[in-house]
Amino acid sequence: MLILTLLAGTAARAAQWRGVPVEEFVRLHVIAADDGDAAQALKLKVRDAVLERARALLANCDDPAAAWQAVNDNLDALEDAAELRARAEGFDGDVRAEAGVFDFPDRRYGDLLVPAGKYRALRVVLGAGEGRNWWCVLYPSLCLPEDVDPDAPVQFHSVILDWLRGLFGGDDA
């Protein structure tokens, strides 16, 4: 019975991250101008600039409401970060940032599934915005550092699972 209770608690935690229900996440969505190699590379450089600025702005946010307010209050600064990086890379098209509620597909971060749905998000659109896009969870931060492959799975560590593996054996992965 104890094991079932622990597993149920672990499953319930999979629907949250750091105590924030997934439906309250604030997400980031960056859309490339087109699917060309240069546009896709630019998208990632702009992403890095926006993430750097957003991390500084959201560092002291204690909850999703504060994070969302910080995004809205600093929308111009976030757009400026995107535009400055795009211009530094030689891009002369439109760069716009908007805050709103947008549709997102399912996305898995290790054991955490962020289901498809409408989420509050910062969206950065480059040019016509007709290329492949990149997204993550801005708050709580599940965005990957710039030197990590965005398609690589995020790995989480569970003390409970380690304990259970110690009791019953099992692989270390």
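Structure: above.
Note that this is a predicted model, so its numbers are computed, not measured. (Residues numbered from 1 in each chain as written. Predicted model: local features only at pLDDT ≥ 70, side-chain atom pairs only at ≥ 80, totals over all residues. Heavy atoms only, no water.)

### Section: the overall build of the protein chain
Link 1 in the chain: Check the secondary structure of the protein chain and you find five helices and eight strands.
Link 2 in the chain: The buried share of the protein chain, reckoned over its 173 residues, is 37%.
Link 3 in the chain: If you take every contact in the protein chain between residues at least 6 apart in sequence, the share linking residues at least 24 apart comes to 73%.
Link 4 in the chain: Looking at the protein chain as shown, the accessible area adds up to about 9,700 Å², and 53% of this sits on carbon and sulfur atoms. (Helix = DSSP H or I, 4+ residues; strand = E, 2+ residues; numbered from the N terminus. Buried < 20%, exposed > 50% of the residue type's maximum accessible area, 1.4 Å probe, protein only. Contact = heavy atoms within 4.5 Å. Areas by Shrake-Rupley, 256 points an atom, 1.4 Å probe, with all protein chains shown as cover.)

### A few points about unusual backbone geometry
Link 1 in the chain: Note that the residue after Tyr139, namely Pro140, is joined by a cis bond; omega there is -10 degrees.
Link 2 in the chain: Note on placement: Pro140 falls in the loop between strand 8 (133-139) and helix 5 (159-168).

### Notes on the packing of aromatic side chains
Link 1 in the chain: Following the criterion strictly, the structure yields one aromatic pair and no others.
Link 2 in the chain: One residue, Arg47, lies across the ring of Trp134, its end atom 4.8 Å from the ring centre.
Link 3 in the chain: The lysine or arginine in question, Arg123, covers the ring of Phe102, its NZ or CZ lying 3.8 Å from the ring centre. (Phe/Tyr/Trp six-rings, centres within 6.5 Å; stacked < 30°, edge-to-face > 60°. Lys NZ or Arg CZ within 6 Å of the ring centre and 35° of its normal.)

### Regarding the pattern of salt bridges
Link 1 in the chain: Going through the model one piece at a time under the given rule, you end up with six salt bridges.
Link 2 in the chain: The salt bridge involving Arg132 is made with Asp35; its shortest N-O contact spans 3.8 Å. With a gap of 97 residues between them, Arg132 in the loop between strand 7 (117-126) and strand 8 and Asp35 in the loop between strand 3 (26-31) and helix 2 (37-58) connect regions that are remote in the sequence.
Link 3 in the chain: On the basis of relative accessibility, which here comes to 47%, the residue Arg132 falls in the partly exposed class. (Salt bridge = Lys/Arg side-chain N within 4 Å of Asp/Glu carboxyl O.)

### Points about helix 4 (residues 75-88)
Link 1 in the chain: Here helix 4 contains 14 residues, and its C-alpha end-to-end distance of 20 Å stays within 8% of the 20 Å for a straight helix at 1.5 Å per residue.
Link 2 in the chain: Among the residues of helix 4, Leu78, Ala81, Ala82 and Ala86 are the ones counted as buried. Angular distribution of buried residues about the axis of helix 4 spans 125 degrees; they occupy a single face of the element. In this structure, helix 4 carries Asp76, Leu84 and Ala88 as exposed residues pointing more than 90 degrees from its buried face.
Link 3 in the chain: Buried residues belonging to helix 4 abut helix 2, helix 3 (64-73), strand 4 (95-104) and strand 7. (Expected span 1.5 Å × (residues − 1). Arc of directions from axis to C-beta.)

### Points about a negative patch on the surface
Link 1 in the chain: Together, Glu23, Glu24, Asp62 and Asp63 give the surface a local cluster of negative charge.
Link 2 in the chain: Within the element layout of this structure, Glu23 appears in the loop between strand 2 (20-21) and strand 3.
Link 3 in the chain: Residue Glu23 is classed as exposed on the basis of its relative accessible area, which comes to 57%. (Patch = residues over 30% accessible without salt bridge, like charges linked within 9 Å, V, L, I, M, F, W, Y side chains within 5 Å. Lys, Arg positive; Asp, Glu negative; His and termini not counted. Charge placed at Lys NZ, Arg CZ, Asp CG, Glu CD.)

### Here we look at the sheet that holds strand 3
Strand pairing in a sheet relies on backbone hydrogen bonds. The paired strands run either parallel or antiparallel.
Link 1 in the chain: Pairing within the open sheet is mixed, and its four strands lie in the order 4-7-3-8. Edge positions in the open sheet fall to strand 4 and strand 8, since each of these has one partner strand only. Adjacent strand axes in the sheet meet at a mean angle of 25 degrees, parallel and antiparallel pairs treated alike.
Link 2 in the chain: The sheet contact formed by strand 3 and strand 7 spans six bridges and is parallel. Bridge assignment links Arg27 to a residue of strand 7, and that residue is Ala121.
Link 3 in the chain: Each of strand 4 and strand 7 is contacted by helix 4, which is oriented at about 115 degrees to strand 4, the strand it contacts most. (Pairing = 2+ DSSP bridges. Axes fitted to C-alpha atoms, helices over the stretch in contact; angles between N-to-C directions.)

### Side note on the nonpolar core
Link 1 in the chain: One finds Leu28, Leu122, Val124 and Leu138 to be the most contacted residues of the largest nonpolar core, which totals 40 residues.
Link 2 in the chain: Breaking this core down by element, the ones donating at least two residues are strand 3, helix 2, helix 3, helix 4, strand 4, strand 6 (112-114), strand 7 and strand 8.
Link 3 in the chain: With six residues, helix 2 is the largest single contributor of residues to this core.
Link 4 in the chain: Each residue touching Val124, except ones within four places of it in the same chain, is listed here: His29, Val30, Ile31, Val46, Val50, Ala82, Arg96 and Ala97. (Core = buried A, V, L, I, M, F, W, Y, C linked by side-chain atoms within 4.5 Å.)

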